[in-house]
Amino acid sequence: MSEDVRNIVLGVIATGVAAAIGWFARTYLWRRGLLRKQRFLGLPANSECLLVVNRHVGGGDWSVARRDVFALLELSALIKDCGAHAQVIAHDSAQQGFGERTEFCIGGPKSNQRMAAHLQSLLPGIRVNMDDEPGPDRGAFQVGSERYRMQQGTVEHVLLARLTAGQDARPVFLACGQHSNANHAAARYLARHHAKLTRKHGNNSFCLLLKVVNSQAYGPDVVELVADVTRAATAPAPAAPRNSHRAGT
């Protein structure tokens, strides 16, 4: 074998070894990222989870707001990436405990009984104004001593929470918005930032308050993190309101 042929053969072998190492490295990183996502979401391969949806206010039975359907699609793609399976159920038919299966609960407590129960038992420091009469506080969130008002289409708040009942329990994810635009924004925020949330919170419980800015122009894309309200939200009872955060402030 001449020296030129030997160099060519060695070059081919080196290229093949480098390609194999690169493929194994990419596969390893991909699998590690997938396992991290599955642990954070509580969705191991072939597991089952619940998508609990609300009733569209003013709609008939089993009527879901269009934006809430979009939120379901965002979450469905995330669930599929984990190799898990989802069951969509109505809020008033989910008469079961939590912890056995991962649950994604979407909508405010006025139209979602399941959400109302979760807020009462898991996030007692949060109150939602559910008055039917028009007014500046309609739909407002009170988190501890702070109040957050809504201006539909301009400023809408949403609570995004990951909650567990124990170390081995599957998590419950809440997307509780002042409007269905905000529910969609929270689902998209979770889908886009789950890796960042995992790095910051690990597999622990948390509750974030997000603000959707100018949804009438930007839809669910422009979202700001207002605060991590985990401590105030899990406190036994809210204090009297101290400050009122008007929409846009």
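Before reading further, recall that the structure is shown in the block above.
Residues numbered from 1 in each chain as written. Predicted model: local features only at pLDDT ≥ 70, side-chain atom pairs only at ≥ 80, totals over all residues. Heavy atoms only, no water.

> Where do I start with the overall build of the protein in this structure?
Check the secondary structure of the protein and you find 6 helices and 11 strands. Sorting the 249 residues of the protein into buried and exposed places 42% on the buried side. Restricting to contacts in the protein with at least 6 residues of sequence separation, those with at least 24 account for 68%. Here the protein displays about 13300 Å² of accessible surface, and carbon together with sulfur accounts for 52% of that area. (Helix = DSSP H or I, 4+ residues; strand = E, 2+ residues; numbered from the N terminus. Buried < 20%, exposed > 50% of the residue type's maximum accessible area, 1.4 Å probe, protein only. Contact = heavy atoms within 4.5 Å. Areas by Shrake-Rupley, 256 points an atom, 1.4 Å probe, with all protein chains shown as cover.)

> In this structure, what is going on with the packing of helix 2 (residues 66-81) against helix 4 (residues 180-201)? I would like to understand it.
Each pair of packed helices can be summarised by the angle the axes make with each other and by the distance between the axes. At a closest axis distance of 7 Å, the pairing of helix 2 and helix 4 adopts a crossing angle of 15 degrees. Overall, the two elements helix 2 and helix 4 adopt an arrangement that is roughly parallel. The hand of the helix 2/helix 4 crossing is left-handed. Residue-level contacts link Arg-67, Asp-68, Phe-70, Ala-71, Glu-74, Leu-75 and Leu-78 of helix 2 to Ser-180, Asn-181, Asn-183, His-184, Ala-187, Arg-188, Leu-190, Ala-191 and His-194 of helix 4. Taken together, the residues of the contact of helix 2 with helix 4 sort by class into 7 nonpolar, 5 polar and 4 charged. (Axes fitted to C-alpha atoms, helices over the stretch in contact; angles between N-to-C directions. Parallel < 35°, antiparallel > 145°, perpendicular 65-115°, else oblique. Left-handed = near helix turned anticlockwise from the far one by under 90°. Nonpolar A, V, L, I, M, F, W, Y, C, P; charged D, E, K, R; others polar.)

> I'm lost on the pairing of strand 7 (residues 155-163) in this one. Help?
Each regular strand carries side chains that alternate between the two faces of the sheet. Judged by how many residues are buried, strand 7 sits mostly within the fold: 9 of 9 residues are covered. Of the two faces of strand 7, the one lined by Val-155, His-157, Leu-159, Ala-161 and Leu-163 and the one lined by Glu-156, Val-158, Leu-160 and Arg-162 are each fully buried. Note: strand 7 against strand 9 (residues 206-213), 8 bridges, orientation antiparallel. The residue bridging Val-158 from the neighbouring strand is Leu-210, located in strand 9. Sheet analysis places strand 7 next to strand 8 (residues 172-177), joined by 6 bridges and oriented antiparallel. Bridging from a neighbouring strand, Leu-160 pairs with Ala-175 of strand 8. (Pairing = 2+ DSSP bridges.)

> Looking at this structure, how should I read the nonpolar core?
One broad rule of soluble globular proteins: the nonpolar side chains tend to lie buried together. Judged by nonpolar contacts, the single largest core of 30 residues is most densely connected at Phe-40, Leu-41, Leu-43, Leu-75, Ile-79, Phe-104 and Leu-190. Of all the secondary structure elements, the ones that give two or more residues to this core are helix 1 (3-41), strand 1 (48-53), helix 2, strand 3 (102-106), strand 7, strand 8, helix 4 and strand 9. With 7 residues, helix 4 is the largest single contributor of residues to this core. Discounting residues that sit within four places of it in the chain, Leu-190 has contacts with Phe-40, Leu-75, Leu-78, Phe-104, Leu-160, Phe-173 and Leu-197. Counting 22 residues, the second largest nonpolar core, distinct from the first, contains Leu-50, Cys-105, Phe-141 and Tyr-148. (Core = buried A, V, L, I, M, F, W, Y, C linked by side-chain atoms within 4.5 Å.)

> Can you help me understand the sheet that holds strand 9 in this one?
Strands in a sheet are paired, the pairing made by backbone hydrogen bonds, and the direction either parallel or antiparallel. Here we have 7 strands laid out as an open sheet, ordered 2-1-3-8-7-9-10, and mixed in their pairing. Bordering the open sheet on either side are strand 2 (85-90) and strand 10 (223-228), each of which pairs with just one other strand. Adjacent strand axes in the sheet meet at a mean angle of 20 degrees, parallel and antiparallel pairs treated alike. Of the strands in this sheet, strand 1, strand 3, strand 7 and strand 8 are in contact with helix 3 (residues 113-122), which crosses strand 8 at around 110 degrees. Most of the contacts of helix 4 go to strand 7, to which it runs at about 45 degrees, and overall it touches strand 3, strand 7, strand 8, strand 9 and strand 10.

> What is the right way to read the pattern of salt bridges from this model?
Close approach of charged atoms lets side chains of opposite charge pair. This structure, assessed with the given rule, holds 9 salt bridges. Put simply, Arg-149 and Asp-137 hold a salt bridge, and the shortest N to O gap is 2.5 Å. Taken together, the positions of Arg-149 in the loop between strand 6 (146-148) and strand 7 and Asp-137 in the loop between strand 4 (126-128) and strand 5 (141-143) put the pair 12 residues apart, joining distant regions of the chain. A network of salt bridges, in which partner residues are shared, links Glu-74, Arg-188, Arg-192 and Asp-221. (Salt bridge = Lys/Arg side-chain N within 4 Å of Asp/Glu carboxyl O.)

These values are about where atoms sit, not about what they do.
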